[in-house]
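What follows is the residue order along each chain.
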Amino acid sequence: MHKFILKEYSLLSDTQHSQLLEIRNMDYVRAQSLSHSIISIDEHLKWVKGLQHDSNRLFLALIKDEKILGGINLFNIDERAKWGIFLAESNSLIVKSLLPIFFIDFIFKNYSINRLYADIRVENTNAISYNKNLGFQLLHQDSELVLMGLEKEKFLDAKSSKILSRIIKKFALYNFSIER
Amino acid sequence: MQIKIEKIIVEALVELSDELEDESLLKASKETRLYGASSSLDSLALVSLIADIEDRISEEFEIDIVIADEKAMSAKTSPFRDVESLTNYINEQLS
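Everything numeric in this text was worked out from a predicted model, so none of it was measured.

A. Expanded view of the overall build of chain A. On a plain count of helices and strands, chain A comes out with seven helices and eight strands. Projected onto its principal axes, the C-alpha positions of chain A cover 45 × 45 × 30 Å. A total of 180 residues make up chain A; the buried ones form 49% of that total. In chain A, once contacts between residues fewer than 6 apart in sequence are set aside, the share between residues at least 24 apart is 60%. Charge centroids of chain A, computed over 24 positive and 21 negative side chains, lie 7 Å from each other.

B. Seen up close, the pairing of strand β6 (residues 137-141) of chain A. Residue and element names in this part refer to chain A. Relative to strand β7 (residues 145-151), β6 runs antiparallel, the two being bridged by four bridges. In the strand pairing of β7, glutamine 141 is matched with valine 146. The antiparallel pairing of β6 with β7 creates a hairpin that spans three residues between the two strands.

C. Layout of the packing of helix α1 (residues 2-20) of chain B against helix α2 (residues 43-61) of chain B. All names here are of chain B. At a minimum axis distance of 9 Å, the contact between α1 and α2 shows a crossing angle of 135°. Looking at the two axes, α1 sits oblique to α2. In terms of crossing hand, the pair formed by α1 and α2 is right-handed. On α2, the residues touching Lys4, Ile5, Ile8, Ile9, Glu11, Ala12, Leu13, Glu15, Leu16 and Leu20 of α1 are Ala45, Leu49, Asp52, Ile53, Arg56, Ile57, Glu60 and Phe61. Partitioned by chemical class, the residues of the contact of α1 with α2 number twelve nonpolar, no polar and six charged.

D. Fine view of the pairing of strand β2 (residues 58-64) of chain A. Residue and element names in this part refer to chain A. Most of β2 sits out of view: six of its seven residues are buried. Sheet topology places strand β1 (residues 2-8) next to β2; four bridges connect them, and they run antiparallel. Bridging from a neighbouring strand, isoleucine 5 pairs with isoleucine 63 of β2. Where β2 lies against strand β3 (residues 67-75), seven bridges are found, and the strand directions are antiparallel.

Cut-offs used in this document
- Residues numbered from 1 in each chain as written.
- Chains lettered and ligands numbered in written order.
- Predicted model: local features only at pLDDT ≥ 70, side-chain atom pairs only at ≥ 80, totals over all residues.
- Heavy atoms only, no water.
- Helix = DSSP H or I, 4+ residues; strand = E, 2+ residues; numbered from the N terminus.
- Buried < 20%, exposed > 50% of the residue type's maximum accessible area, 1.4 Å probe, protein only.
- Contact = heavy atoms within 4.5 Å.
- Lys, Arg positive; Asp, Glu negative; His and termini not counted.
- Charge placed at Lys NZ, Arg CZ, Asp CG, Glu CD.
- Pairing = 2+ DSSP bridges.
- Axes fitted to C-alpha atoms, helices over the stretch in contact; angles between N-to-C directions.
- Parallel < 35°, antiparallel > 145°, perpendicular 65-115°, else oblique.
- Left-handed = near helix turned anticlockwise from the far one by under 90°.
- Nonpolar A, V, L, I, M, F, W, Y, C, P; charged D, E, K, R; others polar.

Here you go:
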């Protein structure tokens, strides 16, 4: 069984913050992020402090065997809840597939959210396709961004689809848990 | 055996084309890219395809096989580049 922990940013050590930031600042992550800028450790730690008493945002680091592998997040919870993800390239495709399913399932079960949104860069066709397979539908597009939305019922339908149900079987070998 | 394996992969791709509504997969051949810039499959679709192929291989050869394991899925030289590389990879696993 492969075990992964999702840990709130506010609970990470300084070393773990550095590892997380290293991934976040990688060229391939920044290219797909809404903000392309490199974040300094001081900026990052100052921003993390602001998360501590903010119930409107949830930022989790993906950890396996004490190593940071990326981050997944939910923000704007009280209004138009949005999710985001960034992962180190070294993560296997199975982890990249299972983690979003686990996280979105967690969101719909634990928050009073009936619709989840995602902002994706128009050139990130892989992410657009990936979100579509999770049940997201295209809502709006401009020259830079695509806005996609996922209703809770659509996610439940998507989980029953052949595409996702084959992947969901893999949860038998992969375990994700959240530390808050 | 190699021919059978390739046939299974192509059949799985044709079924996936229906699920994804992607006609480009209907004419899958050994050169068809499975992952990367020239492929029409995102990571979710690829993992789903691999899981389907595992089930079909198990049924055809009456052997349990795990293709979508951490090693293969993280490999720098991915065995999932195209149909031919996946066929060779599965053939090696079964031999």
